[in-house]
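# Structure at a glance
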Amino acid sequence: MTDAPYSRGWLRRMVQESLFQPRTAGEELLSRPLPREAPWIWLSLLSVLNGILYSLTLPGEAEMGLVLPAFVQSPITLSVFVAVVMVLMTWFFTMAGRMLGGRGDFAALLQVTCWLQSLRLAFQLVVMVLALLSPGLAGILAFVGGIWGLYVLANFLTAAHRFENAMKAIAVMILGVLGVAFAMTFLMTLFGVGPSGS
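Description of the structure in this document. (Residues numbered from 1 in each chain as written. Predicted model: local features only at pLDDT ≥ 70, side-chain atom pairs only at ≥ 80, totals over all residues. Heavy atoms only, no water.)

## Overview of the packing of aromatic side chains
Under the definition given, this model contains 5 aromatic pairs. Ring centres of W148 and Y151 lie 4.9 Å apart, and the angle between their planes is 50 degrees; this geometry places the pair in the tilted category. Note that W148 and Y151 are positioned in helix α7 (residues 135–161) at a spacing of 3 residues, about one turn of the helix. By relative accessible area, which is 40% here, W148 ends up partly exposed. (Phe/Tyr/Trp six-rings, centres within 6.5 Å; stacked < 30°, edge-to-face > 60°. Helix = DSSP H or I, 4+ residues; strand = E, 2+ residues; numbered from the N terminus. Buried < 20%, exposed > 50% of the residue type's maximum accessible area, 1.4 Å probe, protein only.)

Written out as structure tokens, the structure reads:
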């Protein structure tokens, strides 16, 4: 890439490569490390934007019992929840990768997490707009995008941990999701958040 890092041209190419050449995109992203505080600012911004988005989309699901009402009462609650999940996911991806011989550190995985969450947020906005025109097509796009997102994540984890192939990255994904699920269950139990405590 010849464009300056994080310039408009660089971002456009990174989005394209993230979708169709994700391992190459991961290597490029990690070759452009950010100042120590930048990923945390990035994560905070993503948490706020996701909190606003979810506060608009989740109330209906809460009424159907699919989401705990405590999580949709305010964008602040949702933003804090998103931030905690992102940090935990980054930590578990880091530790699981190290257990399997990876060399990625927390800073690198945090940068990967923020980049992929940015793409995910943009994708969610596209699906939301499409849902206004064609709910069926939006549902298909969301399903296909979710599956493709796993492929993208596996390749970014492969790049971050410098694995030879994506098989170990898939194991990292599974361990990371299980770890976050366990941690969030523990935290919700600790703070009394649940069907009876919400």
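## Some details on the layout of surface pockets
Roughly 1100 Å³ of volume is contained in the largest pocket. Surrounding the largest pocket, 37 residues form its lining, L116, Q117, R120, G149 and L153 being those nearest its centre. Residue composition of the lining of the largest pocket, grouped by class: 28 nonpolar, 8 polar and 1 charged. Of the voids in this model, the second largest pocket is the one considered here, and its volume is about 320 Å³. Looking at the lining of the second largest pocket, the elements with two or more residues in it are α2 (22–30), α3 (38–57), α6 (106–133) and α7. Ranked by the residues each element gives to the lining of the second largest pocket, the list is headed by α6, at 5 residues. Among the residues forming the lining of the second largest pocket, the class breakdown is 11 nonpolar, 2 polar and 5 charged. (1 Å grid on protein atoms, 1.4 Å probe; cavity = no way out; pocket = protein on both sides within 12 Å on 5 of 7 lines; lining within 4 Å. Points joined across faces, edges and corners; volume = space filled by probe spheres on them. Nonpolar A, V, L, I, M, F, W, Y, C, P; charged D, E, K, R; others polar.)

## Describing the pattern of salt bridges
Considering all chains together, one arrives at 3 salt bridges under this definition. Across the pair E27 and R23 runs a salt bridge whose closest N-O atoms are separated by 3.7 Å. Placement of both E27 and R23 in helix α2 is noted, with a separation of 4 residues, approximately one turn of the helix. Here R23 falls in the partly exposed class, since its relative accessible area comes to 29%. (Salt bridge = Lys/Arg side-chain N within 4 Å of Asp/Glu carboxyl O.)

## Side note on the environment of A181
Mapped onto the secondary structure, A181 falls in helix α8 (residues 167–190). Distance in space between the C-alpha atoms of A181 and M89 is 9.5 Å, their sequence separation being 92 residues.

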